[in-house]
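Observations on the model geometry
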Amino acid sequence: MTDDRIAVLEQRLRALEDEREITHLLAGYGALADSGSAEELAALWEPDGVYDNDEISMVGHDELVAMVTSGRHQGWINGGAAHVNGPVKVTVDGDTAVAVNHSLMVIHEDGRFVVRRATANHWQLRRGADGWRVTVRTGRLLDGRPEARALLAAGARGQRLEQG
Amino acid sequence: MTDDRIAVLEQRLRALEDEREITHLLAGYGALADSGSAEELAALWEPDGVYDNDEISMVGHDELVAMVTSGRHQGWINGGAAHVNGPVKVTVDGDTAVAVNHSLMVIHEDGRFVVRRATANHWQLRRGADGWRVTVRTGRLLDGRPEARALLAAGARGQRLEQG
Amino acid sequence: MTDDRIAVLEQRLRALEDEREITHLLAGYGALADSGSAEELAALWEPDGVYDNDEISMVGHDELVAMVTSGRHQGWINGGAAHVNGPVKVTVDGDTAVAVNHSLMVIHEDGRFVVRRATANHWQLRRGADGWRVTVRTGRLLDGRPEARALLAAGARGQRLEQG
């Protein structure tokens, strides 16, 4: 009886810890991107993780590092950039999870701040030996394209994307 | 003694789960709004729940669905819209709760993104048979109007709004 | 055996509660700032807490209250202002903690909303008799200055800032 109550507590606590770990992982993205912390940003993903964005698509840590160290990204952060995430809705299913959020990329341009991108993000994650890591992040510009809406709808339902 | 310790743990865990469930519920709003998921957005509210915004006021699921499927809302999302929420501060009191946050509505207009609205949001919620649902969401534009400031102050204190 | 399992649960739960209390504390900042709730905003800090921003630096509750009640801040909120925080990444180490996030200050100007500031925030906190409070908040404009990037990198790693 006592053992059963404790086992239930352990299970409920584990569920909260999973969500907190994922939320914590994704909350670090903006700070790592805008500080140019290339290796640490890449380490949010599994070694062969994918970041598929409408501007650029990357597979694996080396390509993620290369994105952060590229002249383009360094130009953003040297000019002033804020990758601001909206709150993440996480759906955990055993050792995999789906998360959804919006993000804004705000840049400093001509002495003022402008919103360069508003993006729909769909995240797929997996729990491995070192904890939760991103397997696939898919981002699409919220400029009316149907793909961005499909990402938000799937993410809100906790659904994985069909792999093409 | 052991039973007491377990009972305390159960109570503390329940408090965290309540806050997580509410945070999770509200975190879905933006993705549902911007993907046009009308029924699922309405289901964040109780069947007779209220969304009182300075632009429009709705009571019940049918009016919430009608808002999302309206030409006006469809125009926003076809043009590109991001309803980005700020972090929610939640105060739970038994089976009711108050939450407060900011939200930004960013739209795509003439090839760039602009902040159409910055809104103060005061949320009232209730725990029912199916979990936490919104009973009243009140939103006011942060354009200097005293009402918006009153919503933020009440929400930060965990106070419900007086019903008119 | 049972006692050990319970002790582990208590410890894990305490870790989640710490993070939740800090997240909750910081989530209130925007609502308190934009509603002009001066005393309550100051109370997020320890009595001798520091808010070091590139525009203004404050030490202690009186100076925090004075900032909120100043003509400058009252001008912002009377015109319309939204201090929107990004998600916080918190690293707790015993009775101290470090947190990092972005914030956007959106103001209403000439009938539209503009992003006046995008800021990198590094927070240091301490657990005292009344719970977690801010000891030092350091904010720097994300306009390309290296200081802002250093705040984000330190915060993402859970590192405290060296005191000058």
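In the block above lies the structure referred to throughout.
Okay, so let's go over this structure. Being a predicted model, the structure only gives us computed values, none of them experimental.

**Quick notes on the pattern of salt bridges**
Summed over all chains, the structure comprises 48 salt bridges over all chains. Between Glu40(B) and Arg157(A) there is a salt bridge; the shortest N-O distance is 2.8 Å. Of the two residues, Glu40(B) is situated in helix H3 (residues 38-42) and Arg157(A) in the segment after helix H6 (146-156); the pairing between them involves two chains. Accessibility expressed as a relative area gives 30% for Glu40(B), which makes it partly exposed. Residues Arg127(B) and Asp18(B) are paired through a salt bridge, measuring 2.8 Å at the closest nitrogen-oxygen approach. Of the two residues, Arg127(B) is situated in strand E6 (residues 112-128) and Asp18(B) in helix H1 (residues 2-27); the sequence distance between them amounts to 109 residues.

**Let's talk about the interface of chain A and chain B**
Contacts between the two partners involve 30 residues from chain A and, on the opposite side, 35 residues from chain B. Three residues stand out in chain A for area buried against chain B, namely Arg5(A), Leu16(A) and Arg149(A), and they jointly supply 21% of the buried area on that side. Applying the counting criterion to the chain A and chain B interface returns 5 salt bridges. Residue Arg5(A) is joined to Glu10(B) by a salt bridge in which the shortest nitrogen-to-oxygen separation is 2.9 Å. Along the contact surface separating chain A from chain B lie 8 residue pairs in polar contact (both at pLDDT 80 or more). No other element matches helix H1 (residues 2-27) of chain A, which puts 9 residues into the side of chain A that touches chain B.

**Quick look at the relation of the copies chain B and chain C**
If you rotate chain B by 120° and push it 0.0 Å along the axis, it lands on chain C with an RMSD of 0.0 Å. A rotation of that kind, with that shift, is consistent with a three-fold axis.

**Digging into helix H6 (residues 146-156) of chain B**
One turn of an α-helix holds 3.6 residues; hence residues three or four places apart share an orientation. All names here are of chain B. Most of H6 sits inside the fold, with 8 of its 11 residues counted as buried. Within the sequence span of H6, burial applies to Ala148, Arg149, Leu151, Leu152, Ala153, Ala154, Gly155 and Ala156. Just beyond H6, the residue with positive phi is Gly158, at close to 75°.

**A look at empty space enclosed by the protein**
Counted according to the given criterion, the structure contains 7 cavities of 30 Å³ or more. Here the largest cavity is characterised by a volume of approximately 980 Å³. Taken together, 39 residues make up the lining of the largest cavity; nearest its centre are Arg20(A), Thr23(A), Thr23(B), Arg20(C) and Thr23(C). Of all elements in the fold, only H1 of chain A, H1 of chain B together with helix H1 (2-27) and strand E4 (89-93) of chain C reach the threshold of two or more residues within the lining of the largest cavity. In this structure, the second largest cavity encloses a volume near 80 Å³. Contributions of two or more residues to the lining of the second largest cavity are made by strand E5 (96-109) of chain A together with helix H2 (29-35) and strand E3 (81-85) of chain B. Residues that form the lining of the second largest cavity fall into these classes: 5 nonpolar, 6 polar and no charged.

Procedures and definitions
Residues numbered from 1 in each chain as written. Chains lettered and ligands numbered in written order. Predicted model: local features only at pLDDT ≥ 70, side-chain atom pairs only at ≥ 80, totals over all residues. Heavy atoms only, no water. Salt bridge = Lys/Arg side-chain N within 4 Å of Asp/Glu carboxyl O. Helix = DSSP H or I, 4+ residues; strand = E, 2+ residues; numbered from the N terminus. Buried < 20%, exposed > 50% of the residue type's maximum accessible area, 1.4 Å probe, protein only. Contact = heavy atoms within 4.5 Å. Buried area = accessible area lost by both parts, 1.4 Å probe. Polar contact = N/O pair within 3.5 Å; in protein donor to acceptor, adjacent residues only side chain to side chain. Least-squares fit on C-alpha atoms with pLDDT ≥ 70 in both. 1 Å grid on protein atoms, 1.4 Å probe; cavity = no way out; pocket = protein on both sides within 12 Å on 5 of 7 lines; lining within 4 Å. Points joined across faces, edges and corners; volume = space filled by probe spheres on them. Nonpolar A, V, L, I, M, F, W, Y, C, P; charged D, E, K, R; others polar.

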